[in-house]
Amino acid sequence: MKRLTNRLSFLSLCGAVWLVVGAAAAQDPVEFFRQNCTSCHTIGGGRLTGPDLKNVTQQKDRAWLENFIQNPRAVIDSGDPYALKLFEEARRVLMPTLPGMNPELAKKLIDLIEAESKLEESQFKGLQITDRPFTPREIEIGREIFLGSRKLANGGPACFSCHTMKGLGGLGGGRLGPDLTRVYERLKGRQGLGAWLMAPATQTMRPLFGKHPLQPDEILPLIAFLEDAAHKGGEDTSVAILNFFFLGLGGAILALVCFDAAWRWRLRGVRQPLTEGEIPRGA
Amino acid sequence: MVSTASSYLDPLLFAVLPYVVFFTFFLVTIQRYRMRTFSYSSLSSQFLENRRHFWGLVPFHYGILVVLTGHVVAFLFPRELLLFNSRPIRLYILEASALIFGLLTLVGLVASVARRFEVSKIRKVTSVSDWVLFALLLVQVVSGIYVAVFHPWGSSWFAASVTPYLWSLVKMNPDFTSIAAMPLSVKLHIVNAYLVIGFMPFTRLVHVLVVPNPYLWRRPQVVRWYRRPGPSPAGKS
């Protein structure tokens, strides 16, 4: 049996490795760009964290760009002066090495950027956000979207599932992701926040909102809500975690008391004589 | 350095390991049932001793059954769960209930392991693999409670991020991108769950596959114990 188990375990390992390798299917560059690049770059919409990529092939040769896209860290670490300049301009935010990137995809992405640069208005121009002050109604709608009481059109989860903020009340929001009270300031205002919400770039959010993207009419109220929170200032310093833990602990103790009250004497009349009475050897 | 190690480890832990453990689970479970049918029990846990056993048996089983059901519901009905959680008060009630049952599981597990360690009759029927299993279960329950308290609200983010990953495994097209950036405690909880599943068929935990469910609805049986008169209980050890 042991030998059979070993053989089949080996086979299962080989099968699993094959599955992982086989999963590296060909990527659509448009979808890849939308999901991976638009949170930091536009094509003709101005600078975000990274530079506007319109006509980038006129500023640097294709071979350099393809190499940089595939492994930005390696090019920066090599001391390349142009890469270091980009790194400084991006406030030392390192462009990630994207999963699934390969020479063929890098070439296709440069082709895409070149083609989009020739258009009068690229589909990757980014969200153009108004400069006018937001209304209290927009802030309220943003709060409802954040909490989840207003459902997202494409079925994405509410921000509240993973993020907390100052002033949410109750036990606060989730703590898988960072506190968003000051995210408006961290992402440098409406434009940066809007670009982020169009295509969130973290590894946890990208797969989620790549499949269920936020709509522009959802992004605007969210920006209003987050801008309002940043203007009010502070951080979520509530003791919600402690409250939650003690709520659970109190509930568990109460449950144990209930178990004891309900079943303390259950079957003991039968069991006690069986376990405490002595049975002589050979009985 | 950490991210490099993680980029090598993540595919192994979240795309290869699940298939290895499930294959092992099904293979060894079937093999053990066919070859060593009578080993399919949890051996004696001195079930009739009810004073100490109660504090292990009852909280652990009620706790683990409710918590496991919660995980299965989030796996099967993620959209409905997210809809339910769209009101913070409902989310809070669900999460607090899950934490209560998680803590009950921990109390029961600690009580069971302590009793097993202290009572010689039970220690004798506990194998090394059983002790390893208890350690794995302890890590699983503690990491689960840690995640529930320090990374809330799991019922929502499990449905949004972990469920698609688990379905990608079922569809034989593993996509662990949403898991790769999760906190270490969440990764530990997932990997340890795989280890428990993979290790399960070698341990007493196989009893969950042969739960005598008909006991719940069968008619009561009268058991008579014929015992010869023995010495007075006062002198026994």
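About the cut-offs
Residues numbered from 1 in each chain as written. Chains lettered and ligands numbered in written order. Predicted model: local features only at pLDDT ≥ 70, side-chain atom pairs only at ≥ 80, totals over all residues. Heavy atoms only, no water. Helix = DSSP H or I, 4+ residues; strand = E, 2+ residues; numbered from the N terminus. Buried < 20%, exposed > 50% of the residue type's maximum accessible area, 1.4 Å probe, protein only. Contact = heavy atoms within 4.5 Å. Phe/Tyr/Trp six-rings, centres within 6.5 Å; stacked < 30°, edge-to-face > 60°. Lys NZ or Arg CZ within 6 Å of the ring centre and 35° of its normal. Axes fitted to C-alpha atoms, helices over the stretch in contact; angles between N-to-C directions. Parallel < 35°, antiparallel > 145°, perpendicular 65-115°, else oblique. Left-handed = near helix turned anticlockwise from the far one by under 90°. Nonpolar A, V, L, I, M, F, W, Y, C, P; charged D, E, K, R; others polar. Domains from an automatic or database assignment. Buried area = accessible area lost by both parts, 1.4 Å probe. Salt bridge = Lys/Arg side-chain N within 4 Å of Asp/Glu carboxyl O. Polar contact = N/O pair within 3.5 Å; in protein donor to acceptor, adjacent residues only side chain to side chain. Bend = angle between axes of the 7 residues up to and from the residue. pLDDT = per-residue confidence, 0-100.

Peer 1: How do you make sense of the overall build of chain A when you look at a structure like this?
Peer 2: A count of helical and extended segments in chain A gives 14 helices and zero strands. Beginning at the N terminus, the succession of helices and strands in chain A can be written as α-α-α-α-α-α-α-α-α-α-α-α-α-α. Here chain A holds 283 residues, and 43% of them are scored as buried. Counted over contacts in chain A with a minimum sequence separation of 6, partners at least 24 positions apart contribute 63%.

Peer 1: Mind showing me how you'd approach the side chain of His-163 of chain A here?
Peer 2: Residues and elements named next belong to chain A. Relative to the helices and strands, His-163 resides in the loop between helix 8 (136-147) and helix 9 (183-186). Note on His-163: relative accessible area 10%, which makes it buried. For His-163, the contacting residues outside a window of four places in its chain are Phe-146, Gly-173, Gly-174, Gly-177, Pro-178, Leu-180 and Met-205.

Peer 1: What's the story with the packing of aromatic side chains in this structure? I'm lost.
Peer 2: The relative placement of two aromatic rings is captured by the distance of their centres and the angle of their planes. For the coordinates displayed, the defined rule picks out 19 aromatic pairs over all chains. Centroid distance Phe-54 of chain B to Trp-55 of chain B: 5.0 Å. Interplanar angle 90°. Geometry classified as edge-to-face. Of the residues examined, Trp-55 of chain B reaches a relative accessible area of 31% and is grouped as partly exposed. Judged by centre distance (4.5 Å) and plane angle (10°), the rings of Phe-75 of chain B and Trp-167 of chain B are stacked. Here Phe-75 of chain B, found in helix 2 (residues 53-76), pairs with Trp-167 of chain B, found in helix 7 (residues 154-170); they are 92 residues apart in sequence, far enough to count as distant. When its relative accessible area of 31% is taken as the criterion, Trp-167 of chain B is described as partly exposed. A network of ring pairs unites the aromatic residues Phe-160 and Phe-244 of chain A together with Tyr-92 and Trp-153 of chain B as a single cluster. Residue placement shows Arg-90 of chain B over the ring face of Phe-84 of chain B; its charged tip is 5.3 Å from the ring centre.

Peer 1: Quick question: what am I supposed to make of the packing of helix 13 (residues 240-263) of chain A against helix 4 (residues 88-118) of chain B here?
Peer 2: Each pair of packed helices can be summarised by the angle the axes make with each other and by the distance between the axes. The contact between helix 13 of chain A and helix 4 of chain B brings their axes to 8 Å, and the two run at 60°. In this view, helix 13 of chain A runs oblique relative to helix 4 of chain B, as classed from their interaxial angle. Judged by the sense of rotation from one axis to the other, the crossing of helix 13 of chain A with helix 4 of chain B is right-handed. On helix 4 of chain B, the residues that touch Phe-244, Phe-245, Leu-247, Gly-248, Leu-249, Gly-251, Ala-252, Ala-255, Leu-256 and Phe-259 of chain A of helix 13 of chain A are Glu-95, Ala-96, Leu-99, Ile-100, Leu-103, Leu-104 and Val-107 of chain B. Of the residues contributing to the contact of helix 13 of chain A with helix 4 of chain B, the split by class is 14 nonpolar, two polar and one charged.

Peer 1: Sorry, what's going on with the environment of Arg-36 of chain B here?
Peer 2: Residue and element names in this part refer to chain B. Residue placement: Arg-36 occurs in the loop between helix 1 (2-35) and helix 2. By relative accessible area, which is 44% here, Arg-36 ends up partly exposed. Separated by 143 residues in sequence, Arg-36 and Ile-179 place their C-alpha atoms 38 Å apart.

Peer 1: Just checking my understanding: could you explain the domain arrangement of chain A for this structure?
Peer 2: Size of an interface, as often reported, equals the accessible area lost when the parts are brought together. Residues and elements named next belong to chain A. Partitioning chain A into structural domains gives domain 1 (23-117), domain 2 (136-232) and domain 3 (241-270). A C-alpha centroid distance of 26 Å is found between domain 1 and domain 2. Contacts between the two partners involve nine residues from domain 1 and, on the opposite side, nine residues from domain 2. For the domain 1 and domain 2 pair, buried surface summed over both sides reaches about 780 Å², with 58% attributable to carbon and sulfur atoms. The tally of links between domain 1 and domain 2 comes to zero salt bridges. Seen at the junction of domain 1 and domain 2, the total is one residue pair in polar contact (both at pLDDT 80 or more). Classifying every residue of the side of domain 1 that touches domain 2 by side-chain character gives three nonpolar, four polar and two charged.

Peer 1: Which parts of the structure should I look at to understand helix 7 of chain B?
Peer 2: An α-helix turns once per 3.6 residues; consequently, residues spaced three or four apart project the same way. All names here are of chain B. If you look at helix 7, its biggest bend is around 40°, right at Val-162, and the proline Pro-164 turns up within four residues after that. A large share of helix 7 lies buried, amounting to 13 of its 17 residues. Of the residues one or two after helix 7, Met-172 is the one with positive phi, at around 60°.

Peer 1: Is there a simple way to explain the pattern of salt bridges in this structure?
Peer 2: Between side chains of opposite charge, pairing is possible as soon as their charged atoms come close. One pass over the structure, following the stated rule, counts 17 salt bridges over all chains. Close ionic contact of Arg-132 of chain A with Glu-138 of chain A constitutes a salt bridge, the shortest N to O distance being 2.8 Å.

Peer 1: How should I be thinking about unusual backbone geometry in this particular structure?
Peer 2: Of note, the amide linkage connecting Pro-152 of chain B to Trp-153 of chain B takes the cis form, showing an omega dihedral of 0°. Within the element layout of this structure, Trp-153 of chain B appears in the loop between helix 6 (128-150) and helix 7. Phi at Asn-55 of chain A takes a positive value of approximately 60°, unusual for a residue other than glycine. Relative to the elements of secondary structure, Asn-55 of chain A occurs in the loop between helix 2 (29-36) and helix 3 (56-59). At Met-172 of chain B, a residue that is not glycine, the phi angle is positive and equals roughly 60°. Residue position: Met-172 of chain B is located in the loop between helix 7 and helix 8 (177-180).

Peer 1: Help me understand the confidence of the model for chain A, please; the structure alone is not making it clear to me.
Peer 2: Predicted coordinates in areas of low pLDDT are best not read in detail. Residues and elements named next belong to chain A. When pLDDT is averaged along chain A, the result is 82, and 84% of the positions lie at 70 or above. Here helix 1 (residues 2-22) stands out as the least confident element of chain A, with mean pLDDT 47; helix 8 is the most confident, with 95. Within the model, the stretch residues 8-25 combines pLDDT values under 50 with 19 contacts to residues more than four positions away or in other chains. Considering only residues more than four positions removed or in separate chains, one finds that residues 278-283, a stretch of pLDDT under 50, has six contacts.

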